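What the coordinates show
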Amino acid sequence: MVAAGITLGAKSVSAKSYSRILGANDKIRVGFIGVGNRGTQVMHEFMNESDCEVAALCDVYEPYITRNRSQVDPRYIETRPRQIPQMGEDFSKDVGRYTDYRKLLEDKTIDAVYIGTPDHWHALQTINSIEAGKDVLVEKPLTKSIHEGRAIIKAWEKSNQIAGVCLNRRGSGTYQRLAQEVPAGKIGKVTFALSSHVSNMAPNGIGKMKPERPPQNFDWDMWLGPKPYRPYQYNIAPYMFRWWEEYDNQILNNGVHSLDLIRWLLNEKAPVSITTLGGKYVVDDDRTIPDTMQTIFEFPSGAIVSFTQLEASSGSLVRQGFLEMRGTKGTLYAEGNNGYKIVSTSKGQFQTWDKLMADETYAVESAGNGKLSDGTYANPGANIVRNFLDCVKSREMPMVSLEDGHLSTNMAHLATISLHVQQTLKWDAEKEMVTNCDKANELLSYEYRKPWKL
């Protein structure tokens, strides 16, 4: 069992203020909103916990709530077989099954919800869940716009609910350790960090398709929700929405994990300057996001962070692992969720020292059965789930607060906005506004399609 983690400027909710006080042996009844690819993965992590009971399922695609893969459209299985869950789970009790999440929230016996829907639904469903008196664990990225994130936090601040975000690398004991040691000077003053997402999707990417009718058991209008109406296409949903800017993009989907980890290890709130270059240069498909993109963030401390998204080539930009962080004493390479390597820096011009620190390799040993020798799960996402369930009982702050989810998601939003306006942005994190570009400020929010309101 992992610790509750660090609380950064956020409240702790008293158990006395909670309408249903849970005892140590009580099962927490959880409703799952969005049970496709990622939602199924996280639901299984909840099901591994003996004090959790699956109370309800909600999805706009009927086979996902009946859990019958034979009912899935064959075209989905043909084009994205790894992203269509196997399903067929054996639930211990009857579970509620809904196509409208609002009906699920009406169930007074449900203690908490997990939200695993597409990004453009996260804000409204999180707020509605909080207002319905449910504790919430919401999938990353927290939002599809910066203003949505602040709206979520304001709704939570008026409630007695527990709310956390699935930024899974914070569930790693390795990074919890580094989050203490790096700001304390372990590798010296950090001036540069580098991470990337690389996946060669050339030449055809998600393909080219024409609008057509969705499968009969797919509620396309509900899937769109607050976003403008458009005809259905088979290379939008399920799963492929991640390459459509209206609903997601790859710096939000993949990049936010690295951006959150870097911001955490730097002990920084937000960048002050953001510059993005990129475009759709190679991949010939229907995507509306870049296949090549690089963003440079500058932080108040003087650190420069580079995140690069490459979907038209292969090979990591980082020499070892997925994250490189350069300090005056050594360079940190994050090689996985449960290990890292530090290489001592070498002297430059006019310097007479030999080494400023010793090289270091760190890894947590496996104890079998998905656990590590320190008693935590090898999968940090499972630690996030375990921590959330603990916090539902204790009313303590979850490992990843809404504020942290908001601040890290904002970095991805600002990167995208910089690309759209084609200029460097100067960011005021206190006022949450761009100070040098009115057009960029117009992109901090978007108008919801009626009847949906934030």
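The name given to the protein chain in an unreviewed UniProt entry is Gfo/Idh/MocA family oxidoreductase, with Mariniphaga sediminis as the source organism.

All right, on to the UniProt feature "domain: Gfo/Idh/MocA-like oxidoreductase N-terminal" (unreviewed entry) in the protein chain then. With numbering matched to this structure, UniProt assigns "domain: Gfo/Idh/MocA-like oxidoreductase N-terminal" (unreviewed entry) to residues 28–164. Each end of residues 28–164 is marked by a C-alpha atom, and these two atoms are 16 Å apart; helix forms 38% of the span and strand 20%.

With that settled, the discussion passes to the packing of helix α1 (residues 37–47) against helix α10 (residues 380–394). The description of two packed helices rests on the angle between their axes and on the distance between the axes. Relative orientation of the contacting elements α1 and α10 amounts to 55°, with a least axis distance of 9 Å. Considering the angle they form, α1 stands oblique to α10. As α1 runs across α10, the sense of the crossing is right-handed. Facing α1, whose interface residues are Val42, Glu45 and Phe46, α10 presents Gly381, Ala382, Val385, Phe388 and Leu389. Of the residues in the contact of α1 with α10, the class split is 6 nonpolar, 1 polar and 1 charged.

Turning next to the environment of Asp135. One can find Asp135 in strand β5 (residues 135–139). On the basis of relative accessible area, Asp135 is assigned to the buried category, the value being 0%. When the C-alpha positions of Asp135 and Ala112 are compared, they lie 4.4 Å apart, and in sequence the two are 23 residues distant. One polar contact links Asp135 to Gln161, side chain to side chain, over a distance of 2.8 Å.

A full pass over the atoms with the stated rule returns 31 salt bridges. As a salt-bridge pair, Asp285 and Lys280 come within 3.6 Å of each other at their nearest N and O atoms. A relative accessible area of 40% places Lys280 in the partly exposed class. Here Glu311 makes a salt bridge to Arg287, at a shortest N to O gap of 2.7 Å. You can see Glu311 sitting in the loop between β10 (304–310) and β11 (323–327) and its partner Arg287 sitting in the loop between β8 (273–279) and β9 (292–298), a full 24 residues away along the chain. Looking at Glu311, the relative accessible area reads 0%, which means it is buried.

The subject of this paragraph is the domain arrangement of the protein chain. The domain architecture assigned to the protein chain consists of domain 1 (28–169) and domain 2 (171–377 + 402–443). Here the C-alpha centroids of domain 1 and domain 2 sit 24 Å apart. Facing 41 residues of domain 1, the contacting portion of domain 2 comprises 52 residues. Three residues, His120, Ile146 and Arg169, lead the burial of domain 1 against domain 2; their summed loss comes to 22% of the area buried on that side. Applying the counting rule to domain 1 against domain 2 returns 4 salt bridges. Inspection of the domain 1/domain 2 interface yields 23 residue pairs in polar contact (both at pLDDT 80 or more). Within the residue set of the side of domain 1 that touches domain 2, elements represented by two or more residues are α2 (62–66), α3 (74–79), α4 (101–105), α5 (119–131), α6 (146–157) and β6 (163–166).

Rules used in this analysis
Residues numbered from 1 in each chain as written. Predicted model: local features only at pLDDT ≥ 70, side-chain atom pairs only at ≥ 80, totals over all residues. Heavy atoms only, no water. UniProt positions renumbered as here; feature names shortened; annotations may be inferred. Helix = DSSP H or I, 4+ residues; strand = E, 2+ residues; numbered from the N terminus. Axes fitted to C-alpha atoms, helices over the stretch in contact; angles between N-to-C directions. Parallel < 35°, antiparallel > 145°, perpendicular 65-115°, else oblique. Left-handed = near helix turned anticlockwise from the far one by under 90°. Contact = heavy atoms within 4.5 Å. Nonpolar A, V, L, I, M, F, W, Y, C, P; charged D, E, K, R; others polar. Buried < 20%, exposed > 50% of the residue type's maximum accessible area, 1.4 Å probe, protein only. Polar contact = N/O pair within 3.5 Å; in protein donor to acceptor, adjacent residues only side chain to side chain. Salt bridge = Lys/Arg side-chain N within 4 Å of Asp/Glu carboxyl O. Domains from an automatic or database assignment. Buried area = accessible area lost by both parts, 1.4 Å probe.

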